[in-house]
Amino acid sequence: MKKNNVCGDPLEIGGLTLSSRLLLGTSGYPNMQVLLESIAASGTELITVAIRRVNLEDDGPTGFLSTIRNLPVNLLPNTAGCYTAREAVLVAELSREALETDLIKLEVIGDDETLMPDAEQLLKAASELVLSGFTVLAYSNDDPITCRKLADIGCAAVMPLASPIGSGMGLVNPYNLQLIRELLPNLPLLVDAGIGTASDAARAMELGYDGVLLNTAVSKAKHPVQMAAAMRHAVMGGRLAWLGGRIPQRFYAQASSPEEGRVGTVDRNVSG
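Each value, and the rule that gives it
- Residues numbered from 1 in each chain as written.
- Predicted model: local features only at pLDDT ≥ 70, side-chain atom pairs only at ≥ 80, totals over all residues.
- Heavy atoms only, no water.
- Core = buried A, V, L, I, M, F, W, Y, C linked by side-chain atoms within 4.5 Å.
- Buried < 20%, exposed > 50% of the residue type's maximum accessible area, 1.4 Å probe, protein only.
- Helix = DSSP H or I, 4+ residues; strand = E, 2+ residues; numbered from the N terminus.
- Contact = heavy atoms within 4.5 Å.
- Salt bridge = Lys/Arg side-chain N within 4 Å of Asp/Glu carboxyl O.

Colleague: What is the right way to look at the nonpolar core in this model?
Modeller: The tendency in soluble globular proteins is for nonpolar side chains to be buried side by side. Leu-106, Ile-195, Leu-214 and Met-231 are the most contacted members of the largest nonpolar core, which totals 62 residues. At six residues, the largest contribution of residues to this core is made by helix 3 (residues 85-99). Excluding residues within four positions of it along the chain, Leu-106 makes contact with Thr-79, Ala-88, Leu-122, Ala-125, Ala-126, Leu-129, Val-136, Leu-137, Ala-138 and Tyr-139. Residues Leu-16, Leu-76, Ala-156 and Ala-157 belong to the second largest nonpolar core, which totals 14 residues.

Colleague: In this structure, what is going on with the pattern of salt bridges? I would like to understand it.
Modeller: Pairs can form between side chains of opposite charge once their charged atoms are near each other. In total, this model carries seven salt bridges according to the counting rule given. In this structure, the salt-bridge partner of Asp-9 is Arg-21, at a minimum N-O distance of 3.2 Å. Of the two residues, Asp-9 is situated in the segment before strand 1 (11-13) and Arg-21 in the loop between strand 2 (16-18) and strand 3 (22-24); the sequence distance between them amounts to twelve residues. Both residues of the pair, Asp-9 and Arg-21, count as buried. A salt bridge links Arg-21 to Asp-210; the nearest nitrogen and oxygen atoms lie 4.0 Å apart. One end of the pair, Arg-21, is in the loop between strand 2 and strand 3; the other, Asp-210, is in the loop between helix 7 (198-206) and strand 10 (211-214), and 189 residues separate them in sequence. Asp-210 shares its class with Arg-21; the two are buried. Taken together, the salt bridges that share partners define one network made up of Asp-9, Arg-21, Arg-181, Asp-210 and Arg-239.

What follows is the structure in structure tokens.
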């Protein structure tokens, strides 16, 4: 698999090592060709698959699953569309059998209007799946307490939302995201849901997050392939900025060149 992370620090989740820190969803694209071109343009090495929305039993040589299985990327099945812990655990077990992977992106949604996670059911499902040997990447509210509980359960990664799924609102609560990062300094954290454009992805990475998972921002963009490429560069740029360390913010200006020795400098402290 081609390595494309110029930062030189791979992302490790469970037993998986990734050079790209951008994870890409596979739903809602205009057609299969656009999806394939977007995956290539994004440089991603891990794509999500909504198990409840694909036919696991009837997938011919040119079907969706057969096609993406032949790509040089890893598959991350998810439990999108589940509303209870019981549903989510069942879907995870089906995906493990069908795709032969212990990886699972855990989603347990509370309602159809906000599509926000149900924290109670999410924690219950996460506990059951971790005990069953799954490598759980848990999609969560941007609630520091819930995220810490998911970490304590043993999730391989926690993925707080930037804003509601498909909203494109970007990071509506960067304070909470930063607080979660500080509370969980050693756990892989990815911002998931609500990313609208490349600057949103870069900002998430500049907060110290380990990666970004997005779907609608690319699949519903005017030009998905171009947006996928933009997201690739934004994630890489944001990571480099985080590693580089930004300068402190100041209320007043500070000259970048030294005053001493400047031609024509007048000592303002000398009268006359």
